[in-house]
Amino acid sequence: MTRPDQDTFAMRAQQGLKHDSSSVRLRAALAVGTTPDPRYVDLLIERCAVEPDFSVREMLTWALTRHPCALTVAKLVDELRSAGAQARSQALHTLSKIGDRRAWPAITRALLTDADDEVARSAWRAAVVLVPEGEAAELASVLATQLGRGNRETQLSLSRALIALGEVIMPALQAAMADLDPRVRAHANATQQLSQDPDAGFALAIEEAKRVVALGTTGESG
């Protein structure tokens, strides 16, 4: 009896999610999440790949988390093979919010070292959430290969991901502190400082680490 109303709602939701106005798209995503329906899943994932507004993307992710994992996880994993960076990044972000560890095998080294910083950052966050017990040390080793990468925001994301793994990061971090690349050494030192003092500002930790690296370099050359 309610099928016509459901069909009308689905049509309006579809139109709303593709509307030119970001506020209309935001309300449509909220409505879809408030009233989950399997028919929305493909459309939500499709919109995640192209949605330009951050707030709307966050609402799309929330709407996907409101649907059963059986309907969303496999489709999101498929998105990780997309040629589009935003599709990969948003799928990873959504998987981290869902937290279903069955997605873990899809968090590949290729994603953790993706050339696109946003994809890599999303992969780091997802990996920390999804990593099974006993595999954190191996994950830390892969993440440590990315030390020194990118701008301060990217480096902070990596430091936070490493710190979230706990003490298992120390062997990889110690090795990075002896790396030939001063950026890697500085980032590793800053990560260690941040792990010891979570309230310390990352910018200050980086600057202090750079001074330590510079002094070490000067000492070696002298």
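No experiment lies behind these values; they were computed from the predicted model shown.

> Help me understand the pattern of salt bridges in this model?
Side-chain pairs of opposite charge can arise where the charged atoms are in close proximity. Using the criterion set out here, one finds 11 salt bridges in the structure. Among the salt bridges present, the one from Arg25 reaches Glu51, with a minimum N-O distance of 2.7 Å. Of the two residues, Arg25 sits in helix α2 (residues 22-34) while Glu51 sits in the loop between α3 (41-48) and α4 (54-65), which places them 26 residues apart along the sequence. As far as burial versus exposure is concerned, Arg25 and Glu51 are alike and both buried. Residue Glu51 is joined to Arg47 by a salt bridge in which the shortest nitrogen-to-oxygen separation is 3.1 Å. Both residues of the pair, Glu51 and Arg47, belong to the buried class.

> What should I look at first to understand the packing of helix α8 (residues 117-130) against helix α10 (residues 152-164) in this one?
When two helices pack together, their arrangement is given by the angle between their axes and by how far apart the axes lie. Put simply, α8 and α10 touch, their axes get as near as 9 Å, and they point 15 degrees apart. Relative to α10, the element α8 is oriented roughly parallel. Considering how the two elements wind past one another, α8 and α10 form a crossing that is left-handed. Along the contact surface, α8 presents Asp117, Arg121, Trp124, Arg125 and Val128, while α10 presents Glu153, Thr154, Ser157, Leu158, Ala161 and Ala164. Looking at the contact of α8 with α10 residue by residue, the classes come out as five nonpolar, two polar and four charged.

> Would you take a moment to explain the layout of surface pockets for this structure?
Take a probe with the size of a water molecule and roll it over the atoms, and the empty space left behind shows itself. Taken as a whole, the largest pocket spans an internal volume of roughly 200 Å³. Elements with a contribution of two residues or more to the lining of the largest pocket: α4, α6 (85-98) and α8. In terms of residue count, the dominant contributor to the lining of the largest pocket is α6 (four residues).

> Honestly, α10 in this entry has me stumped. Any pointers?
One turn of the α-helix equals 3.6 residues, which is why residues spaced by three or four share an orientation. Under the 1.5 Å per step criterion, the end-to-end length of α10 is 18 Å for 13 residues, consistent within 8% with the ideal 18 Å. Within α10, burial applies to Thr154, Gln155, Leu156, Ser157, Leu158, Ser159, Ala161 and Leu162. Directly after α10, the chain includes Gly166, whose backbone phi takes a positive value near 90 degrees.

> What is the right way to read the side chain of Gln90 from this model?
As for its position among the elements, Gln90 is in helix α6. In this structure the side chain of Gln90 is engaged in a polar contact, spanning 3.3 Å, whose partner is the backbone oxygen of Arg57. Excluding residues within four positions of it along the chain, Gln90 makes contact with Cys48, Arg57, Glu58 and Thr61.

> Quick question: what am I supposed to make of the packing of α4 against α6 here?
Between α4 and α6, the least distance of the axes is 10 Å, while the angle of their chain directions is 50 degrees. Here α6 runs oblique to α4, going by the angle between their axes. The crossing of α4 and α6 is right-handed. On α6, the residues touching Arg57, Glu58, Thr61, Leu64 and Thr65 of α4 are Gln86, Gln90, His93, Thr94, Lys97 and Ile98. For the contact of α4 with α6, the per-class residue count stands at two nonpolar, six polar and three charged.

The rules behind the values
Residues numbered from 1 in each chain as written. Predicted model: local features only at pLDDT ≥ 70, side-chain atom pairs only at ≥ 80, totals over all residues. Heavy atoms only, no water. Salt bridge = Lys/Arg side-chain N within 4 Å of Asp/Glu carboxyl O. Helix = DSSP H or I, 4+ residues; strand = E, 2+ residues; numbered from the N terminus. Buried < 20%, exposed > 50% of the residue type's maximum accessible area, 1.4 Å probe, protein only. Axes fitted to C-alpha atoms, helices over the stretch in contact; angles between N-to-C directions. Parallel < 35°, antiparallel > 145°, perpendicular 65-115°, else oblique. Left-handed = near helix turned anticlockwise from the far one by under 90°. Contact = heavy atoms within 4.5 Å. Nonpolar A, V, L, I, M, F, W, Y, C, P; charged D, E, K, R; others polar. 1 Å grid on protein atoms, 1.4 Å probe; cavity = no way out; pocket = protein on both sides within 12 Å on 5 of 7 lines; lining within 4 Å. Points joined across faces, edges and corners; volume = space filled by probe spheres on them. Expected span 1.5 Å × (residues − 1). Polar contact = N/O pair within 3.5 Å; in protein donor to acceptor, adjacent residues only side chain to side chain.

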